[in-house]
Amino acid sequence: MAITPTKTAIQNIAQLLHKATENKKKMEEEKKKRELEAARSTNYLSRTVYPRPVEIITPAIKSEPVSVPGVGTVDKVAIAQQIAAALVAQGRSNVSQEELETLINAVVGMAEASKKF
């Protein structure tokens, strides 16, 4: 009868389909691995950044306090040193004198505003 050869043919087809799907999965996984490796090799900045304490040693600059209406006396040099230390801790070391002066005025303005409320 033709039952045995038909059964064998169906089993062979099932095995081929199973192998084909396995091969397809392997090829897709290898493609993903290659893409990941390519992405890793082209990403030069993928490194772990560890925070580190920054100690800034600045020479003592004597300044006279400035009188700000509504706030009182303000030591602009002390404020500037604190702002500069915070900027360097954030990685910004190229701040111009004008930007620093703007930040100082903003701090003084915030102090004025907080005194009013």
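This is a predicted model, so every value here is computed, not measured.

About the criteria used
Residues numbered from 1 in each chain as written. Predicted model: local features only at pLDDT ≥ 70, side-chain atom pairs only at ≥ 80, totals over all residues. Heavy atoms only, no water. Helix = DSSP H or I, 4+ residues; strand = E, 2+ residues; numbered from the N terminus. Buried < 20%, exposed > 50% of the residue type's maximum accessible area, 1.4 Å probe, protein only. Contact = heavy atoms within 4.5 Å. Areas by Shrake-Rupley, 256 points an atom, 1.4 Å probe, with all protein chains shown as cover. UniProt positions renumbered as here; feature names shortened; annotations may be inferred. Core = buried A, V, L, I, M, F, W, Y, C linked by side-chain atoms within 4.5 Å. Expected span 1.5 Å × (residues − 1). Arc of directions from axis to C-beta.

Quick look at the overall build of the chain now. Counting its regular elements, the chain contains three helices and two strands. Secondary structure elements of the chain occur, N-terminal to C-terminal, as α-β-β-α-α. Residue burial in the chain is summarised as follows: out of 117 residues, 8% are buried. Put simply, of all contacts in the chain between residues at least 6 apart along the chain, 48% involve residues at least 24 apart. Per element, the accessible surface of the chain, about 10600 Å² overall, is 59% carbon and sulfur.

The next point concerns the UniProt feature "coiled-coil region" (unreviewed entry) in the chain. The sites that carry the UniProt feature "coiled-coil region" (unreviewed entry) are, in the present numbering, residues 10-39. As a span, residues 10-39 carries 100% helix and 0% strand, and end to end its C-alpha atoms are 43 Å apart.

Moving on, we come to the environment of alanine 89. Note on placement: alanine 89 falls in helix 2 (residues 76-89). Linking alanine 89 and arginine 52, residues 37 residues apart in sequence, is a C-alpha distance of 8.8 Å.

Ranked by size, the top nonpolar core spans eight residues in total: Val74, Ile79, Ala80, Ile83, Leu87, Leu100, Ile104 and Val108. Breaking this core down by element, the ones donating at least two residues are helix 2 and helix 3 (97-116).

What follows is about helix 2. The terminal C-alpha atoms of helix 2, which comprises 14 residues, lie 20 Å apart, in line with the 20 Å expected from a rise of 1.5 Å per residue. Buried within helix 2 we find Ile79, Ala80, Ile83 and Leu87. Here the buried residues of helix 2 occupy an arc of 100° about the axis, which is enough to place them on one side. Turned more than 90 degrees from where helix 2 packs its buried face, Gln82 and Ala89 sit exposed. Just beyond helix 2, the residue with positive phi is glycine 91, at close to 95°.

What follows deals with the environment of proline 53. Tracing the chain through its elements places proline 53 in the loop between helix 1 (3-42) and strand 1 (66-68). Given a relative accessible area of 79%, proline 53 falls into the exposed group. Each C-alpha atom, one on proline 53 and one on alanine 89, is 7.8 Å from the other, the two residues being 36 residues apart in sequence.

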